[in-house]
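# Analysis of the macromolecular model
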Amino acid sequence: MTQPESNQMEKPQLSSFTNTAFLATLVSRSAPETEKIAGELAASLPANCVVALIGDLGAGKTCFARGIIRAKGVPGHIPITSPTFVIVNAYDTENPVFHFDWYRISDSLELDAIGYRDFLEQGGICIVEWPQNAPDAIPKETLFVHIHGLGESRTIDFYTTLPEPALTEIRSVLTQIVSRLLDVTDINQHTPP
Amino acid sequence: MKCILGIETSCDETAASVVELTGTVRSNVVATQIPVHARYGGVVPELASRNHVMSILPVVREALNSAYLSWSGLAAIAVTQGPGLIGALLVGIQTAKSLAYAFKLPLIAVDHVEAHVTAAMLSNPKHPEMPTATPPYVAMVASGGHTALYRVDAIGNYTVLGHTLDDAAGEAFDKVAKMMGLPYPGGLAIDRVSREGNPAAIAFPRGMMGAANLDFSFSGLKTAVRNYLANRGSFPLSSIEIADIAASAQEAIVDVLVEKTIRAARGEHVRQVVLSGGVAANHRLRERLSRRCEEEQVQVVLTPLEYCTDNAAMVANLGRLFYSRGEFTSPDALDAYANLRIGSPRGIRVRESP
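Residues numbered from 1 in each chain as written. Chains lettered and ligands numbered in written order. Predicted model: local features only at pLDDT ≥ 70, side-chain atom pairs only at ≥ 80, totals over all residues. Heavy atoms only, no water.

### Looking at empty space enclosed by the protein
Tallied over the full model, the rule gives 2 cavities of 30 Å³ or more. Around the largest cavity, the lining residues are Phe85 and Val86 of chain A together with Ser10, Cys11, Pro83, Gly84, His112, His146 and Asp310 of chain B. In terms of residue class, the lining of the largest cavity is built from 4 nonpolar, 4 polar and 1 charged. (1 Å grid on protein atoms, 1.4 Å probe; cavity = no way out; pocket = protein on both sides within 12 Å on 5 of 7 lines; lining within 4 Å. Points joined across faces, edges and corners; volume = space filled by probe spheres on them. Nonpolar A, V, L, I, M, F, W, Y, C, P; charged D, E, K, R; others polar.)

Shown next as structure tokens:
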């Protein structure tokens, strides 16, 4: 049987990552826009990396993941559904994409039991929802995406521990997305005094 | 009468069952892990996975003992090969293979979702006079991991009519419950507190209700409940408020499930509708679907509760149906498939994208 005290042990925190570089903050005004932003970002991701999605229930993590997975070549007729119950959905694209949800995971030992490290070693992109449930299983080179906000719009913060040249590549794509979003904002919402 | 042993370990439950070739369920054992999981406020798969290994043999032994059966009374072993968690599936498959080898029994690989779709072919042990599923029918399977509508023309002949595009209905129940701080399992908690609530108190969105297809979306409901809770302020929820929010969220889920199931029955011109999967235990859903089916003059078959949540009786049942057709799986070809899709050839390695 399990020992309840193990649950009270101090857990590693995501904030314990050093060398985390801030990349950008942007605002998405709808779920489709969040999906589009993720799709644009997908092209700049290195072939093997972890994308950690942080945000409350209903923040739009699966929506963001869907944008990346579609951009990696999963056609529209294949549904990209929440992996909460099954823990992981694998997509057979040219470069494999694994969509994890650690919502029902309480530590990294559980991830070992379901073969998470095998998935990591296969290479490809590992998208992880609820990474804070097993922070010590998040590798040192990760893109962190923090989604927050209520109502329709979301503020999305990007941080990374990825080294160069991936760092510059992602930053430049994010800069392009930010300027595109600002353009649209100017046309639609800017009212002269 | 010879029997089929069914083994199910696709996700959280370790289960074994003995079903006679005629369809009589002799035993149906589920090593329910809820007491262990409840302490953590959610199902813990590592415990489940470890428990599969620890509990599979006692569960199989208990299934045989309570069926008053020895190994010589078995005709074959049926086992779930997917979809599910790969490590969990492998425990059941390796157990089935070893037992089949030791006792010289044939193996039958079973699709977990297909087993849910056909579970209502078993008669209700408490009410044997109730109708059982007889093809052609429309089946709604709603659980924590699946939400889809199927047309069933015969064993092995299924058409997917629609499915969820994001969250499963059971997941929506669980996450709404979690946001309100209700205890695990969330679906059960919502069902219970909703009885005191007003289902029309809050107009939560009915995802894809207007869409012409039979697909579902429950992600928007989750976001709507989150926004509702954030807007009302941080003071504690009263029990009346909890009941109203739960009842309203439940009504939003039930409305869509019932409406799309009825639309499917009409469109497919079938005389029977079958409700299955863990969410089929929800009282409001059972009551509303039964009423609508009565209005539509369609027979409703509510899968008996013990065959709704993950269980091995449904696996043994499908096993006996394949057995009667002489369809077996060679041990070499029997493998686990996390992404198995209903209708895929059993025992043949199907690589799908994804």
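### A look at the side chain of Asp244 of chain B
Residues and elements named next belong to chain B. Tracing the backbone shows Asp244 in helix H8 (residues 239-268). Although buried, Asp244 forms no salt bridge, and the nearest oppositely charged side chain, Arg232, lies 10 Å from it. Only 2.7 Å separates the side chain of Asp244 from the backbone nitrogen of Asn198, close enough to count as a polar contact. Ignoring any residue separated from it by four or fewer positions in sequence, one finds Asp244 in contact with Gly197, Asn198, Ala201 and Ile202. (Helix = DSSP H or I, 4+ residues; strand = E, 2+ residues; numbered from the N terminus. Buried < 20%, exposed > 50% of the residue type's maximum accessible area, 1.4 Å probe, protein only. Lys, Arg positive; Asp, Glu negative; His and termini not counted. Salt bridge = Lys/Arg side-chain N within 4 Å of Asp/Glu carboxyl O. Polar contact = N/O pair within 3.5 Å; in protein donor to acceptor, adjacent residues only side chain to side chain. Contact = heavy atoms within 4.5 Å.)

### A word on the nonpolar core
If you look at the biggest cluster of nonpolar residues, it comprises 47 residues, and the most contacted ones within it are Met180, Phe204 and Leu257 of chain B. Put simply, the parts of the chain that give this core at least two residues each are strand S6 (137-142), helix H5 (169-179), helix H6 (186-194), helix H7 (219-231), H8, strand S9 (272-276) and helix H9 (283-296) of chain B. Per element, the largest residue contribution to this core is 13 residues, and it comes from H8 of chain B. The residues contacting Phe204 of chain B, other than those within four sequence positions of it, are Leu221, Ala224, Val225, Tyr228, Ile245, Ser248, Ala249 and Ala252 of chain B. The next biggest cluster of nonpolar side chains, apart from the first, holds 36 residues, and it includes Val97, Leu162, Leu174 and Leu181 of chain A. (Core = buried A, V, L, I, M, F, W, Y, C linked by side-chain atoms within 4.5 Å.)

### Considering the state of the cysteines
Residue and element names in this part refer to chain A. Counted according to the given criterion, the structure contains 0 disulfides over all chains. No disulfide involves Cys49; its sulfur sits 8.7 Å from the nearest other cysteine sulfur, which is in Cys126. Under the relative-accessibility criterion, Cys49 is labelled buried at 5%. Cys126 gets classed as buried once you look at its relative accessible area, which sits at 2%. (Disulfide = S-S within 2.5 Å.)

### Here's the deal with the packing of aromatic side chains
Taken as a whole and judged by the stated rule, the model has 12 aromatic pairs over all chains. Pairing Phe100 of chain A with Tyr116 of chain A gives two aromatic rings, centres 5.3 Å apart and planes at 90°, and the pair type is edge-to-face. Here Tyr116 of chain A lies in helix H4 (residues 116-121) and Phe100 of chain A lies in strand S4 (residues 97-101), a separation of 16 residues in the sequence. Judged by centre distance (4.2 Å) and plane angle (5°), the ring pair of Trp71 of chain B and Phe103 of chain B falls under stacked. Taken together, the positions of Trp71 of chain B in the loop between helix H2 (45-66) and strand S4 (74-82) and Phe103 of chain B in helix H3 (residues 86-103) put the pair 32 residues apart, joining distant regions of the chain. Residue class for Trp71 of chain B comes out partly exposed when judged on its relative accessible area of 25%. Above the face of the Tyr103 of chain A ring, Lys175 of chain B is positioned so that its terminal group lies 4.8 Å from the ring centre. The ring of Phe235 of chain B carries the charged tip of Arg232 of chain B above its face, separated from the ring centre by 4.2 Å. (Phe/Tyr/Trp six-rings, centres within 6.5 Å; stacked < 30°, edge-to-face > 60°. Lys NZ or Arg CZ within 6 Å of the ring centre and 35° of its normal.)

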